[in-house]
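Single-letter residue listing:
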Amino acid sequence: MSATTLSPTDIKAEIKDDGRIPLRGHLRHTGALGRRNLLWIRQDPESMFDALLMPVVFTLLFVYVFGGSIGQALGGGQDGYVQYVIPGMIAMMSMTLSQGVGTGFSQDFNSGVMDRFRSLPIGRGSVLFAKVSVELVRMLFATTVLMIVAVLVGFDINSWPGLFAAVGLAAVFASSIMWVFLTLGVILKNAQSVQAMGFLVLFPLQFGSSIFAPTASMPGWLQAFTDYNPLSTLADAARGLMVGGPVAHDLWVTLGWSVAITAVMAPVAIHKFRTKS
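Residues numbered from 1 in each chain as written. Predicted model: local features only at pLDDT ≥ 70, side-chain atom pairs only at ≥ 80, totals over all residues. Heavy atoms only, no water.

Under the defined criterion, the tally for this structure stands at 10 aromatic pairs. When the ring of Phe-129 is compared with that of Trp-179, the centres are 5.2 Å apart and the planes differ by 80°; the resulting orientation is edge-to-face. Taken together, the residues span a long stretch of sequence, with Phe-129 in helix 7 (residues 124–152) and Trp-179 in helix 8 (residues 160–187) at a distance of 50 residues. Grouped by ring-pair contacts, the aromatic residues Phe-58, Phe-62, Phe-66, Phe-199, Phe-203, Phe-207 and Phe-212 constitute a single cluster. (Phe/Tyr/Trp six-rings, centres within 6.5 Å; stacked < 30°, edge-to-face > 60°. Helix = DSSP H or I, 4+ residues; strand = E, 2+ residues; numbered from the N terminus.)

Here it is in structure tokens:
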């Protein structure tokens, strides 16, 4: 089996007598499908525009439009707001770009690509894991762009290990959210529906959090929501790792959310993919 194609003959050779596919086979299938998805991005570079432009647009918007007023409330002016908002932007990127895995999955179904994959004797989970892995690459690319822009607008990287830890935590959380959007990509009819549903999920979580502003001035009922919002704990953990401050509680809560979401939604996504008619 080549790195970028799935040969039915070679695939069948990997299947055991009882029909099970060994772990090595799953890994080979996931790698081949992942390379296929990366080659598709290479042939369609426009699909990377959101990962390239979103960090630039959002960073400039929040720093130069809202940074002065919110920064004064924080007591550090615009420079202080840069230190506050950039870790939150890493959390935002992890959630926003996760939506792309669902729209791309839906497009593959409508184009007939998934019918070809499901006709092959490959692990159904391999198709989904390949999608998740490539979207994580896109997220890491967007985070790199974000940090370049952040440094240009004045962000101080106080701890490189903390930065890498924050990005790793965001990647773990993003991978869990991707299973939600993969499920939507299977059960909804088209990419537009997935995108519309994604916005209904994303906006309350992003703006009802500590990503862009402290929650102390919010109404009590909204503060209660932000306390349980995983984007708040992710943003606060990233802030503590990158800038300094408490980390342990927010870190463990974020990891707990990530494990719980993955444990619930990954089996659902794989089941829906297997049974979709």
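Turning our eyes to something else, we now look at the nonpolar core. Residues Phe-105, Val-127, Leu-128 and Trp-179 are the most contacted members of the largest nonpolar core, which totals 72 residues. Of all the elements, helix 8 adds the most residues to this core, at 15 residues. Not counting the four nearest positions on each side in its chain, Phe-105 is found in contact with Met-114, Val-127, Leu-128, Lys-131, Leu-182, Gly-185, Val-186 and Phe-273. (Core = buried A, V, L, I, M, F, W, Y, C linked by side-chain atoms within 4.5 Å. Buried < 20%, exposed > 50% of the residue type's maximum accessible area, 1.4 Å probe, protein only. Contact = heavy atoms within 4.5 Å.)

With that settled, the discussion passes to helix 4 (residues 77–96). Taking 1.5 Å of rise per residue, the 20 residues of helix 4 would be expected to cover 28 Å, and the 27 Å separating its terminal C-alpha atoms lies within 8% of that figure. By the largest-angle criterion, Val-85 marks the main kink of helix 4, which is about 30°, and a proline, Pro-87, follows within four residues. The buried fraction of helix 4 is high, at 16 of 20 residues. (Expected span 1.5 Å × (residues − 1). Bend = angle between axes of the 7 residues up to and from the residue.)

Bringing a nonpolar patch on the surface into the picture now. A cluster of nonpolar side chains, namely Phe-49, Leu-52, Leu-53, Val-57 and Phe-141, defines an oily patch on the protein surface of about 450 Å² accessible area. The biggest single contributor to the nonpolar patch is helix 3 (residues 49–74), with 4 residues. Looking at the secondary structure, you find Phe-141 in helix 7. You can call Phe-141 partly exposed: its relative accessible area is 35%. (Patch = residues over 30% accessible without salt bridge, like charges linked within 9 Å, V, L, I, M, F, W, Y side chains within 5 Å. Areas by Shrake-Rupley, 256 points an atom, 1.4 Å probe, with all protein chains shown as cover. Salt bridge = Lys/Arg side-chain N within 4 Å of Asp/Glu carboxyl O.)

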